[in-house]
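Observations on the model geometry
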Amino acid sequence: MPIKLNLLPPELMVSKSLGSTLKTIRALGIIAISLFVIMALGMTAFFVISRITLVNLNSKVEALKTNIKAQETSEQQVFLLKDRLAKLEILENNATAVVNLSSIEPFIARISPPSTLTQLVISPTAIDISANIQTNSVLTNFLDSLRSSKAFKSVVLSSISLNPIIGYSLELNIK
Amino acid sequence: MKTQSKFITESARQTINSAVPLIIAVILLLVVGKFGISKISEVKNDINKTKVDQTILTQKLKLLQVLDKIVKTNGGVVFTALPDKNSSLIVISQLKLMAIKSGILVSGVKSSSALSVLPGINEAGITFSVFGSREKVFEFIKIISNIAPVSHVVKISLTEEIGGTRADLNVKTYWTDLPKNIPAITKPITDLSTTERETLSRISTLIQPEFTTLAPSTEINPIPFGE
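Each chain has its residues counted from 1, running along the sequence as written. Labels are handed out in written order, letters beginning with A for the chains and numbers beginning with 1 for the ligands. Thresholds applied to this predicted model are a pLDDT of at least 70 for local features of residues and 80 or more for the giving and counting of side-chain atom pairs; totals over whole chains, interfaces and linings are not thresholded and use all residues.

1. What to know about the overall build of chain A
Put simply, the rule reads: Secondary structure is summarised from DSSP: a helix means a run of H or I of at least four residues, a strand means a run of E of at least two, and numbering begins at the N terminus for each. In this scheme the burial state of a residue depends on its C-beta neighbours within 10 Å: 20 or more other such atoms mean buried, 12 or fewer mean exposed, and anything in between means partly exposed; the C-beta positions come from the backbone. Note on contacts: residues are paired as contacts if their backbone-placed C-beta atoms lie within 7 Å.
Helix and strand counts for chain A come out as 4 helices and 4 strands. In chain A, the order of α-helices and β-strands from amino to carboxyl end is α-α-α-β-β-α-β-β. Taken over 175 residues, chain A has a buried fraction of 17%. Long-range pairs, those at least 24 residues apart, make up 43% of the contacts in chain A with a sequence separation of at least 6.

2. As for the nonpolar core
What counts here: Buried Ala, Val, Leu, Ile, Met, Phe, Trp, Tyr and Cys residues form a nonpolar core when they are connected through C-beta atoms within 7 Å.
Ranked by size, the top nonpolar core spans 55 residues in total, and within it L101 of chain A together with V130, I141, V153 and I156 of chain B carry the most contacts. With sequence-adjacent residues up to four places away left out, V130 of chain B is seen in contact with A99, I104, L105, V106, V137, F140, A167 and L169 of chain B.

3. Examining the pairing of strand 3 (residues 151-161) of chain B
As a reminder, the rule being used: Strand pairing is defined by DSSP finding a minimum of two bridges between the two strands.
Across 3 bridges, the pairing between strand 1 (residues 116-122) of chain A and strand 3 of chain B is antiparallel. Across the sheet, the residue bridging to V121 of chain A is S157 of chain B, located in strand 3 of chain B. Two strands pair when backbone bridges link them, and strand 3 of chain B and strand 4 (residues 164-175) of chain B are joined in this way by 10 bridges, in the antiparallel orientation. Its bridge partner being in strand 4 of chain B, S151 of chain B is matched across the sheet by T173 of chain B. Connecting strand 3 of chain B to the next strand, strand 4 of chain B, in antiparallel fashion are 2 residues, including G163 of chain B with a positive phi near 95 degrees.

4. Side note on the interface of chain B and chain A
Note the threshold: Ten residue types, Ala, Val, Leu, Ile, Met, Phe, Trp, Tyr, Cys and Pro, are classed as nonpolar, four, Asp, Glu, Lys and Arg, as charged, and the remainder, Gly among them, as polar.
At the junction of the two partners, chain B supplies 69 residues and chain A supplies 65 residues. Of all the elements in the fold, those that place two or more residues in the side of chain B that touches chain A are helix 1 (10-81), helix 3 (134-144), strand 3 and helix 4 (194-203) of chain B. Per-element accounting of the side of chain B that touches chain A gives the leading share, 37 residues, to helix 1 of chain B. Looking at the side of chain B that touches chain A residue by residue, the classes come out as 38 nonpolar, 19 polar and 12 charged.

5. Re helix 1 of chain B
Residue and element names in this part refer to chain B. This is how the line gets drawn: To estimate how far a helix should extend, the number of its residues minus one is multiplied by 1.5 Å. The bend reported for a residue corresponds to the angle between axes fitted to the seven residues ending at that residue and the seven starting there.
Along its 72 residues, helix 1 runs 98 Å from first to last C-alpha, staying within 8% of the 106 Å computed at 1.5 Å per residue. Most pronounced at N74, the bend in helix 1 amounts to some 55 degrees. Along helix 1, the residues classified as buried are A25, L57, K60, L64, L67, V71, V78 and A81.

6. Some points on the packing of helix 2 (residues 88-102) of chain B against helix 3 of chain B
Residues and elements named next belong to chain B. Condition: Axis geometry follows a simple rule: fit a line to the C-alpha atoms, using only the stretch in contact for helices, then measure angles between N-to-C directions, giving values from 0 to 180 degrees. The crossing is said to be left-handed when, going from far helix to near helix, the turn is anticlockwise and less than a right angle, and right-handed when the turn is clockwise.
Helix 3 packs onto helix 2 with a crossing angle of 145 degrees between their chain directions and a minimal axis gap of 10 Å. Where helix 2 crosses over helix 3, the two elements pack in a sense that is right-handed. For the pair helix 2 and helix 3, contact is made by M98, A99 and S102 and by K136, E139, F140 and I143, respectively. Looking at the contact of helix 2 with helix 3 residue by residue, the classes come out as 4 nonpolar, 1 polar and 2 charged.

Below is the structure:
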């Protein structure tokens, strides 16, 4: 039958509880070292792969930049085109007297010789008409057409007079 | 054979021997882990930024190839519609040319600079008189809105005289300086919006000025002072 022999001198012996604690600490130490090695290797591998990816991406970006630089003139032209178009859009909203001219033209066509248009002033916001109209029928026709029209916000007959030679003289302010 | 230290007990020696590797490993884990994670996140950030740049540049290159065709077709038209220098002379030339085509007389052409109320846009005023039949004068006034450089009729004073209609016109024409800064190469470029395309198609219909390049009447003498 085997006999347990402990030949260590008593001063070199450690207690049983400390012995098991030290065993656990040693095991934890091995695990920590293993973890460190795995982490270091993993990080190194990840870092190297990432660096390679970055270098590849950078070379692709540089190639793209070179291609775009080759088209620098086109890019400038596009930028200028967009700048001009934005400003042209602003200008298109600018009021012009031509809109009012187109609106009043069909009514003005009714004033024909011997009636005369003494003055017609058109701005983007208003139309001032001074005319000499020979006959009552032309005058009625002209005023009726203006009154029934929905092209203008307001039509003000500011003056009207009758002269035996030139007929009716009238002044209109239209907005 | 191991000898027992005079200063420390065997229990303490064994505790130190067991704990030191663990402490070193934990310290290394913390230090290397912190350093490694910061480096990796740095590289990852760089990769993400580069990927974004790559996407922007790829889109930009594709878009540039598409827009290049539009610029080549319509660029000149737009720059004529809104030039970078005072457009008065070109507009006056256009007005005279249109007047000849419309069969009316143009006189008293004057140009003056005016303060622009629009940001970044300069304007010049042109005043002149036209004389002709009423229909032709009206037709001419309407044409002014369709010429390049862009011009607006701001006032019409019309009187009828013996033989025709006289109109005193006040026209404004515009020009704008070239942009001072071009965006960085990595800045994205956007396609033309629907509004921009509509403006472009309207501008393309404007009557373009006619420039004539005069060719030398005789061959150039290569040795003007020679025999």
